[in-house]
Amino acid sequence: MPEYAAMLSYFAACVAIVVVPGPSVTVIVANSIRHGARAGLLNVLGTQIGLALMIAVLAFGLAAIVGAMGSVFEILRLVGAAYLIWLGIRMWRSGGSSLQPAAAQPAGRSFVLQGFVVIWSNPKALLFFGAFIPQFIDPAGGAVWQTVLLGAIFMGVATVCDSLYAFAAGGAGARLTRARVKLAERIAGSCLIGGGLWLALSRR
């Protein structure tokens, strides 16, 4: 197992990485503003499922296979970017429909899927894990289970931070008057479009 000091350093690094907003956070904030904190939390669930799969890929030595599929991940990145931009444009054109009855809100599984798609649309996240986590692995121990442990710590930190974003954005959206809902939707839509452009223009 990694030493105590190394674990503290790793935890601090995880916090520093997670608190910086990225494409996943833009989706969480946008959906929380429009649909409430529950939608953002479902996005968080989707991103965590995606992260768990990434950690499994890294832990069980499939990174080489992923590296050989560079063109596939490039297509996935562009598809994910287009998906975010489409969601943002749809939100821009919604015309204040955030105040629709709860029964008319999108199904929860769609928010989970959004979170999963966005995290896997950023292949740099997997490459990052492949470079970041091994630095904290003790060569004398089992690499697989250390990777799983370190990945679980990162997921825990990400869950807490992303959930705080969801609650904060959801609380802000709940206090909006009808006259300001349209503006909030356009802000949220702009976040989604920005996140999509971020992915589209990023380079591995």
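Residues numbered from 1 in each chain as written. Predicted model: local features only at pLDDT ≥ 70, side-chain atom pairs only at ≥ 80, totals over all residues. Heavy atoms only, no water.

Novice: Where do I start with the overall build of the protein chain in this structure?
Specialist: Across its full length, the protein chain holds nine helices and zero strands. Listing every helix and strand of the protein chain by position from the N terminus yields α-α-α-α-α-α-α-α-α. The buried share of the protein chain, taken over its 204 residues, is 45%. Pairs at least 24 residues apart make up 90% of the contacts formed inside the protein chain by residues separated by at least 6 positions. Entry remark: accessible area of the protein chain is about 10,200 Å², with carbon and sulfur atoms responsible for 72%. (Helix = DSSP H or I, 4+ residues; strand = E, 2+ residues; numbered from the N terminus. Buried < 20%, exposed > 50% of the residue type's maximum accessible area, 1.4 Å probe, protein only. Contact = heavy atoms within 4.5 Å. Areas by Shrake-Rupley, 256 points an atom, 1.4 Å probe, with all protein chains shown as cover.)

Novice: Whenever I open this one, empty space enclosed by the protein confuses me. Can you help?
Specialist: For the coordinates displayed, the defined rule picks out one cavity of 30 Å³ or more. Considered as a void within the structure, the largest cavity measures approximately 60 Å³ in volume. For the largest cavity, the lining is made up of 10 residues, of which Asn-31, Arg-34, His-35, Arg-90 and Gln-114 are closest to its centre. Considered class by class, the residues forming the lining of the largest cavity number five nonpolar, three polar and two charged. (1 Å grid on protein atoms, 1.4 Å probe; cavity = no way out; pocket = protein on both sides within 12 Å on 5 of 7 lines; lining within 4 Å. Points joined across faces, edges and corners; volume = space filled by probe spheres on them. Nonpolar A, V, L, I, M, F, W, Y, C, P; charged D, E, K, R; others polar.)

Novice: When you look at the environment of Val-57 in this model, what are you seeing that I'm missing?
Specialist: Residue position: Val-57 is located in helix H3 (residues 37–59). The exposure class of Val-57 is buried, given its relative accessible area of 11%. Linking Val-57 and Gly-130, residues 73 residues apart in sequence, is a C-alpha distance of 9.6 Å.

Novice: Can you help me understand the nonpolar core in this one?
Specialist: Nonpolar side chains tend to gather and get buried jointly when the protein is soluble and globular. If you look at the biggest cluster of nonpolar residues, it comprises 22 residues, and the most contacted ones within it are Tyr-10, Leu-51, Phe-129, Phe-132, Ile-133 and Phe-154. When contributions to this core are tallied by element, the ones reaching two or more residues are helix H1 (4–18), H3, helix H6 (108–120), helix H7 (124–132) and helix H8 (143–174). No other element matches H8, which puts six residues into this core. Excluding anything up to four places from it in sequence, Phe-154 contacts Tyr-10, Cys-14, Ile-17, Val-18, Leu-51 and Phe-129. Listed in part, the seven residues of the second largest apolar core include Ala-30, Leu-87, Met-91 and Val-118. (Core = buried A, V, L, I, M, F, W, Y, C linked by side-chain atoms within 4.5 Å.)

Novice: Help me understand the packing of helix H2 (residues 23–35) against H6, please; the structure alone is not making it clear to me.
Specialist: For any two helices packed against each other, one specifies the crossing angle of their axes together with the interaxial distance. Two elements in contact, H2 and H6, have axes separated by 9 Å at closest approach and are oriented at 160°. With respect to H6, the element H2 is oriented roughly antiparallel. The two elements H2 and H6 cross, and the hand of that crossing is right-handed. Contacts from Pro-23, Ser-24, Val-27, Asn-31 and His-35 in H2 reach Phe-111, Gln-114, Val-118 and Ile-119 in H6. Grouping the constituent residues of the contact of H2 with H6 by class yields five nonpolar, four polar and no charged. (Axes fitted to C-alpha atoms, helices over the stretch in contact; angles between N-to-C directions. Parallel < 35°, antiparallel > 145°, perpendicular 65-115°, else oblique. Left-handed = near helix turned anticlockwise from the far one by under 90°.)

Novice: How should I be thinking about the side chain of Asp-162 in this particular structure?
Specialist: In this structure, Asp-162 sits in helix H8. Among the residues examined, Asp-162 registers a relative accessible area of 7% and is labelled buried. Excluding residues within four positions of it along the chain, Asp-162 makes contact with Val-18, Val-25, Ile-28, Val-44 and Thr-47.

Novice: Help me understand the side chain of Asn-43, please; the structure alone is not making it clear to me.
Specialist: Turning to its location among the elements, Asn-43 is positioned in helix H3. Polar contacts involving the side chain of Asn-43 include one to the main-chain carbonyl oxygen of Phe-111, which spans 2.6 Å. In this structure, Asn-43 is in contact with Val-27, Ile-28, Asn-31, Phe-111, Gln-114 and Gly-115, ignoring residues within four places of it in sequence. (Polar contact = N/O pair within 3.5 Å; in protein donor to acceptor, adjacent residues only side chain to side chain.)

Novice: How do you make sense of the packing of H3 against H6 when you look at a structure like this?
Specialist: It is the contact of H3 with H6, at a shortest axis distance of 7 Å, that shows an interaxial angle of 45°. The angle between the axes of H3 and H6 places the two elements in the oblique class. The interaxial crossing formed by H3 with H6 has right-handed handedness. For the contact of H3 with H6, the per-class residue count stands at 13 nonpolar, seven polar and one charged.

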